[in-house]
Amino acid sequence: MATTGSPELLIVMGSSATSDQTEHVLSRLAEHGIEARVQRGREATVIGAIGDREQLALLPLEGYPGVEQVLPILKPYKLVAREVSPDMTVIDVDGRRLGDGWFGLIAGPCTVEYREQTLATARAVAAAGATWLRGGAFKPRTSPYTFQGIGLDALEILREAKAETGLPIVTELMDPRHVEAVLETADVIQIGARNMQNFVLLAEVGRAEKPVLIKRGPSASVEELLMAAEYVAKEGNDRIILCERGITTFERSTRYTLDLGSVAVLKNETHLPVIVDPSHAAGRRDLVLPLARAAVAVGADGIIVESHPRPEEALCDGPQQIPSDEFGAFADEVRSFVSLMGKQIG
Ligand code: PEP
Ligand code: MN
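Rules of the game
Residues numbered from 1 in each chain as written. Chains lettered and ligands numbered in written order. Predicted model: local features only at pLDDT ≥ 70, side-chain atom pairs only at ≥ 80, totals over all residues. Heavy atoms only, no water. Phe/Tyr/Trp six-rings, centres within 6.5 Å; stacked < 30°, edge-to-face > 60°. Helix = DSSP H or I, 4+ residues; strand = E, 2+ residues; numbered from the N terminus. Buried < 20%, exposed > 50% of the residue type's maximum accessible area, 1.4 Å probe, protein only. Lys NZ or Arg CZ within 6 Å of the ring centre and 35° of its normal. Axes fitted to C-alpha atoms, helices over the stretch in contact; angles between N-to-C directions. Parallel < 35°, antiparallel > 145°, perpendicular 65-115°, else oblique. Left-handed = near helix turned anticlockwise from the far one by under 90°. Contact = heavy atoms within 4.5 Å. Nonpolar A, V, L, I, M, F, W, Y, C, P; charged D, E, K, R; others polar. Near = heavy atom within 4 Å. Polar contact = N/O pair within 3.5 Å; in protein donor to acceptor, adjacent residues only side chain to side chain. Areas by Shrake-Rupley, 256 points an atom, 1.4 Å probe, with all protein chains shown as cover. 1 Å grid on protein atoms, 1.4 Å probe; cavity = no way out; pocket = protein on both sides within 12 Å on 5 of 7 lines; lining within 4 Å. Sits in = over half its atoms within 2 Å of the grid points. Points joined across faces, edges and corners; volume = space filled by probe spheres on them. Pairing = 2+ DSSP bridges. Right-handed = clockwise from strand over helix to strand, strands pointing away.

Draft legend 1. Expanded view of the packing of aromatic side chains. What the rule picks out here adds up to two aromatic pairs. Centre to centre, the rings of Phe327 and Phe330 are 5.4 Å apart; their planes meet at 40°, and the pair counts as tilted. Of this pair, Phe327 and Phe330 both sit in helix H11 (residues 327-340), three residues apart, which is roughly one turn of that helix. Judged on exposure class, the residue Phe327 and its partner Phe330 are both buried. Just above the ring of Trp102 sits the side chain of Arg97; from NZ or CZ to the centre is 3.7 Å.

Draft legend 2. Spotlight on the packing of helix H7 (residues 222-234) against helix H8 (residues 260-269). Contact geometry of H7 with H8 gives a least axis separation of 11 Å together with a crossing angle of 45°. Here H7 lies oblique to H8, going by the angle between them. Like other packed secondary-structure pairs, H7 and H8 cross with a definite hand, here right-handed. Contacts between H7 and H8 pair Val222, Leu225 and Leu226 from the former with Ser262, Val265, Leu266 and Glu269 from the latter. Considered class by class, the residues forming the contact of H7 with H8 number five nonpolar, one polar and one charged.

Draft legend 3. The site of ligand 1, seen in detail. All residues adjacent to ligand 1 are Arg134, Lys139, Pro140, Glu172, Gln190, Gly192, Ala193, Arg194, Lys215, Arg245 and His280. Between ligand 1 and Gln190, the relevant distance is 3.0 Å, taken from an oxygen atom to a side-chain nitrogen or oxygen of the residue. Measuring from an oxygen atom of ligand 1, one finds a side-chain N or O atom of Lys215 at 2.8 Å. Considered on its own, ligand 1 offers 290 Å² of accessible surface; in the complex 97% of this is hidden by protein. When atoms are counted within 2 Å of each cavity's grid points, the one that captures over half of ligand 1 is the largest pocket.

Draft legend 4. Layout of the layout of surface pockets. The computed volume of the largest pocket comes to approximately 250 Å³. Residue lining of the largest pocket: 19 residues in total, with Pro140, Arg194, Arg255, His280 and Asp317 positioned closest to the centre. Tallied by class, residues from the lining of the largest pocket come to three nonpolar, six polar and 10 charged. The volume enclosed by the second largest pocket comes to roughly 180 Å³.

Draft legend 5. Quick look at unusual backbone geometry. Phi at Asp94 takes a positive value of approximately 50°, unusual for a residue other than glycine. Mapped onto the elements of the fold, Asp94 is located in the loop between strand E5 (91-93) and strand E6 (96-98). Looking at Asp94, the relative accessible area reads 54%, which means it is exposed. Not every positive phi belongs to a glycine, and Asp100 is a case in point at roughly 50°.

Draft legend 6. The arrangement of the pairing of strand E7 (residues 102-108) in detail. Buried residues dominate E7, accounting for six of its seven residues. As paired strands, E7 and strand E16 (residues 344-345) are joined by two bridges and run parallel to one another. Bridge pairing in E16 places Trp102 opposite Gln344. Where E7 and strand E14 (residues 302-308) come together, five bridges link them in parallel fashion. Bridge pairing links Ile106 to Ile304 in E14. Sheet topology places E7 next to strand E8 (residues 132-134); two bridges connect them, and they run parallel. Of the residues in E8, the one forming a bridge with Ile106 is Trp132. Note on the crossover from E7 through helix H3 (residues 115-127) to E8: the handedness is right-handed.

Draft legend 7. Geometry of the side chain of Gln320. Examined against the element boundaries, Gln320 turns out to sit in the loop between E14 and strand E15 (322-323). When its relative accessible area of 2% is taken as the criterion, Gln320 is described as buried. At a separation of 3.4 Å, a polar atom in the side chain of Gln320 contacts the side chain of His280.

Draft legend 8. Fine view of the packing of H3 against helix H4 (residues 152-165). With their axes 10 Å apart at the nearest point, H3 and H4 run at an angle of 30° to one another. In the crossing of H3 with H4, the sense of the turn from one axis to the other is right-handed. Across the interface between the two elements, Arg115, Thr118, Leu119, Ala122, Arg123 and Ala126 from H3 touch Ile157, Leu158, Glu160, Ala161, Glu164 and Thr165 from H4. By residue class, the composition of the contact of H3 with H4 is six nonpolar, two polar and four charged.

Here is the structure:
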């Protein structure tokens, strides 16, 4: 359900509160014209009350039966804030889970170039235990003179790869005009780093019925990333994954600077799952595994990694793509770190 205003107060129902008591609070709020968002967790139910904070303060919320605590939401992000959800969000696509103990291993080519390239990669990553298949149909490129992706034809190839391997598809949406076509193929809609603050696009995917993967802009703060997620959640779509993919700094030895501190911060600030893209952060194949290990160690809920059957011939991001025939060994290394963290590849 879309939210019209900003949730300002959290009403936490005690663990022994009955559903009648929750309904009673909701009807009192409704009587005062106050919109509410209810999150029913395993342990507790949390109600986000949307309305003017001063007007809300006039209601004797703490006195209603079953109410344990009433807290103001002081952060600028509300629906995605950690406090709002009693449980961590798990994204489940066709039984492949990501979040709260389930680690997502998302892999595939940077870009869908041609049928055999994508199918060969899909087979290799599926055999290695990847959970979702990535691949760009529409590519955001720094230079307008470089390969821009093959668009709609790529979506057809991705559908074939899914039919063969069973892997759900993660692919980028760049333009609201492509929503329908991308939604037909994508199981998870990727919003690329450069579009992280494209608010029209964020609202558009907020109305979609598919999970959304938002990549952090290279110059965006953690708070700006959370506000981007808030745009999506506000429209009613709360199936959101955040991705740290490196930020621009003065450092030139890696393509971007992988900000793993942001992952630790995000895990405190939001109930949404957080993944890491070591491929774009590193820009170099030899650094992808160490950065992937570090991502697992800092508490990421997954990684998104690029692979190509012949990276030396790749039309985009060749130097960072893992050769498909080496992906199994890479995945084995990652898997052992994931189990060290007490998690399981979803
Ligand atoms: C991608 O993952 O395909 C991509 C283009 O990455 P980013 O948006 O992080 O640059
Ligand atoms: Mn790429």
